[in-house]
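One letter stands for each residue in the lines below.
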Amino acid sequence: MFGNNLDMLKMTPETIFQYCRQSLLYAKGKSYIYYFLRAPIYNITTAEDAAELFQSTTLLDKSVIYKYLIPFLGDGLLISSDRKWFNRRKSLTPAFHFNVLQTFNDIFKEESLKLLKKLQHLQKDEIEINDIVTEFTLNNVIETALGVKLDDMKGSAQYRHTIHDIEEVILERIYNPLMYYDFVFRLFGRYKKHKEDLKIASDFSSKIIQKKREVYRKKKEMEKQQGNEVDDFGKKKRYAMLDTLLDEESKGNIDHEGICDEVNTFMFEGYDTTSTCLIFTILNLALHPDVQKKCREEIANIGDFSSLTVFDFNKLEYLECVLKETLRLYPSVPFIARTCVAETRINGLILPTNSQINVHVYDIMRDPRHFPNPTEFKPERFTPENSVDRHPFAFVPFSAGSRNCIGQKFAILEMKAVLVALLSNFEILPVTKLEDLIFEYGIILRTKQKIYAKLKKIEK
Ligand code: HEM
């Protein structure tokens, strides 16, 4: 009579994680349905069942849980649908082109070296990995999206905290079904603080956008006269995502509000996802000294850090296997969710309008049929020869199909840069044990505990 509603009322991020794993066990590894707030939720847990959704041209609308992101991300790429999403995706794709990534590469290397400098003083202590990694990734995403160095901006520390707090409240709402109702959130949630934070974030990015717009207009006039792209110092221009958006604005394809939505979407999607993957990668490297050694051997052959190009980072195939194996075991986005805007036929089921579909990427990537001994950390699974016959949707940390992650190449490059810097200077020693971690399920996979490691300088 009550479906799964009573189960859900007592949930915390930690129990949701366990509930989903338990449900898979009851369903004997198959996909399953439960009922929440009178609507069916179809839970996909296998690559075979996910295929139809990933290949669908109609099941593209995001589920109701994304609605809590709207006050922050508006109608940005992650949430928007139909024509708006299609046009924006088309406009923003060039912002991730290989040539643009090459200019981002310099930013990633600069930020990696800044991080190394910081770590020199922390060598003997246990280091809280979450802390150092999140500052690195947020600096990168802000500089690549907006074209400004966060450290040079007034109010930057407050902005960094604000982005973090905004995410925390959004996740709190998603985890607690009572907070789904706006009046409950206003009365009992952190509504006032959330509203203030949203204003701080929006004022901060709006100010930068306005300034950049003026510079953009002046530069366009200059470029018309000179016929090439230069920055203030006469060097080859660094291209920020904001430049792409300002280009679109000049063609009448987006307005100020739209630009703010897209900038915030990049902050949200580009920051926590990459941090989470880096935190788990550093943990895995600390726990597997043999893997660490192999990475170091590979890195030793590619040359001096400051001269490394995107091509050099692309050559690091084993390091990429380590990142992939980490994403397989600990996907930053553990599930994705869609809504059926009309009655939908999928995998032989007929789902009524407003049904939700959760694709549990976490479970899909631990399927023993595709990844034998799935809980073992084995980067070799991802060498080209071991990947040949794998199901195309067995490894989907960046989702798949037309709504896949637009930033996946950006993320891999950014993570490789900082890992090369770390591994060539430090041995990473374990502190946190895997068995002590309690996992929390949400838009982003988290652990209840912070993750620690020790660093030992490598004498060269
Ligand atoms: C390890 C890092 C990352 C992971 C695991 C990841 C994963 C994902 C996943 C699973 C989705 C689909 C979400 C859904 O359907 O609900 C997604 C979408 C998206 N990601 Fe990423 N992401 C990462 C990094 C980034 C970065 C660095 C950026 C930007 C700088 C980014 C921007 C986006 C955007 C804009 C979307 C929405 C795309 C659309 O709907 O057209 N992501 N990401």
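Residues numbered from 1 in each chain as written. Predicted model: local features only at pLDDT ≥ 70, side-chain atom pairs only at ≥ 80, totals over all residues. Heavy atoms only, no water.

This paragraph deals with the environment of Phe104. You can see Phe104 is positioned in helix 6 (residues 98–120). The exposure class of Phe104 is buried, given its relative accessible area of 1%. Excluding residues that lie within four positions of it along the chain, Phe104 makes contacts with Ala95, Thr144, Tyr239, Ala240, Met241 and Phe410. (Helix = DSSP H or I, 4+ residues; strand = E, 2+ residues; numbered from the N terminus. Buried < 20%, exposed > 50% of the residue type's maximum accessible area, 1.4 Å probe, protein only. Contact = heavy atoms within 4.5 Å.)

Next up on the list: the packing of helix 10 (residues 191–226) against helix 11 (residues 241–250). Interaxial distance between helix 10 and helix 11 falls to 10 Å at its minimum, and their mutual angle equals 70°. Here helix 11 runs roughly perpendicular to helix 10, going by the angle between their axes. Considering only the axes of helix 10 and helix 11, their crossing is right-handed. Contacts between helix 10 and helix 11 involve Ile209, Lys212, Arg213, Tyr216 and Lys220 from the first element and Leu242, Asp243, Leu246, Asp247, Glu249 and Ser250 from the second. Within the contact of helix 10 with helix 11, the residues separate by chemical class into four nonpolar, one polar and six charged. (Axes fitted to C-alpha atoms, helices over the stretch in contact; angles between N-to-C directions. Parallel < 35°, antiparallel > 145°, perpendicular 65-115°, else oblique. Left-handed = near helix turned anticlockwise from the far one by under 90°. Nonpolar A, V, L, I, M, F, W, Y, C, P; charged D, E, K, R; others polar.)

All right, on to the coordination of the iron atom of the ligand then. Ideal geometry at a metal centre: 109.5 degrees between donors when four sit tetrahedrally, and 90 or 180 degrees when six sit octahedrally. The sole protein-derived ligand of the iron atom of the ligand is Cys405 (SG), positioned 2.3 Å away. Turning to its location among the elements, Cys405 is positioned in the loop between helix 17 (384–387) and helix 18 (408–425). (Donors = N, O, S within 2.8 Å, 3.2 Å for Na, K, Ca; no water.)

Right, let's get into a nonpolar patch on the surface. Nonpolar side chains collect at one region of the surface, where Tyr181, Phe183, Leu187 and Phe188 lie side by side and expose about 530 Å² of accessible area between them. On the secondary structure map, Phe183 appears in helix 9 (residues 182–188). In this structure Phe183 comes out as exposed when scored by relative accessible area, which is 56%. (Patch = residues over 30% accessible without salt bridge, like charges linked within 9 Å, V, L, I, M, F, W, Y side chains within 5 Å. Areas by Shrake-Rupley, 256 points an atom, 1.4 Å probe, with all protein chains shown as cover. Salt bridge = Lys/Arg side-chain N within 4 Å of Asp/Glu carboxyl O.)

Residues of strand 7 (residues 356–359) alternate between two faces, with Gln356 and Asn358 on one and Ile357 and Val359 on the opposite face, all of them buried. Two elements, strand 2 (residues 39–44) and strand 7, share four bridges in a ladder whose sense is parallel. For Ile44, the partnering residue across the bridge sits in strand 7 and is Val359. Across four bridges, strand 4 (residues 336–339) lies against strand 7 in antiparallel orientation. Along strand 7, the bridge assignment pairs Ala337 with Asn358. (Pairing = 2+ DSSP bridges.)

We now examine the packing of aromatic side chains. Applying the stated criterion to the full structure yields 19 aromatic pairs. Plain terms: the ring middles of Phe17 and Phe439 are 5.5 Å apart, the flat faces sit at 25° to each other, and that makes the pair stacked. Of this pair, Phe17 sits in helix 2 (residues 13–26) while Phe439 sits in strand 9 (residues 439–440), placing them 422 residues apart in sequence. Here Phe371 and Phe382 contribute two aromatic rings whose centre-to-centre distance is 6.1 Å and whose plane-to-plane angle is 40°, an arrangement assigned as tilted. Residue Phe371 is found in the loop between helix 16 (361–364) and helix 17, and its partner Phe382 is found in the loop between helix 16 and helix 17; the two are separated by eleven residues along the sequence. One aromatic cluster is present, formed by Phe17, Phe280, Tyr330, Phe335, Tyr362, Phe439 and Tyr441 through successive ring pairs. Positioned over the ring face of Phe17 is Arg21, at 4.8 Å from the centre of the ring. Positioned above the aromatic ring of Phe371, the side-chain terminus of Arg328 is 5.0 Å from the ring centre. (Phe/Tyr/Trp six-rings, centres within 6.5 Å; stacked < 30°, edge-to-face > 60°. Lys NZ or Arg CZ within 6 Å of the ring centre and 35° of its normal.)

With glycine set apart, most residues show a phi of negative sign, and most peptide bonds adopt trans. Here Lys28, not a glycine, exhibits a phi torsion of approximately 55°, which is positive. By the element assignment, Lys28 lies in the loop between helix 2 and strand 1 (32–36). Phi angles above zero are rare outside glycine, and Asn373 is one such case at about 45°. Within the secondary structure, Asn373 sits in the loop between helix 16 and helix 17.

Below, the discussion takes up empty space enclosed by the protein. Here the structure, examined in full by the defined rule, presents three cavities of 30 Å³ or more. Looking at the largest cavity, its volume works out to about 720 Å³. If you list the elements that add at least two residues to the lining of the largest cavity, you get helix 5 (82–92), helix 12 (256–287), strand 4 and helix 18. Here the lining of the largest cavity takes eight residues from helix 12, the largest share from any one element. Taken together, the residues of the lining of the largest cavity break down into 24 nonpolar, eight polar and five charged. (1 Å grid on protein atoms, 1.4 Å probe; cavity = no way out; pocket = protein on both sides within 12 Å on 5 of 7 lines; lining within 4 Å. Points joined across faces, edges and corners; volume = space filled by probe spheres on them.)

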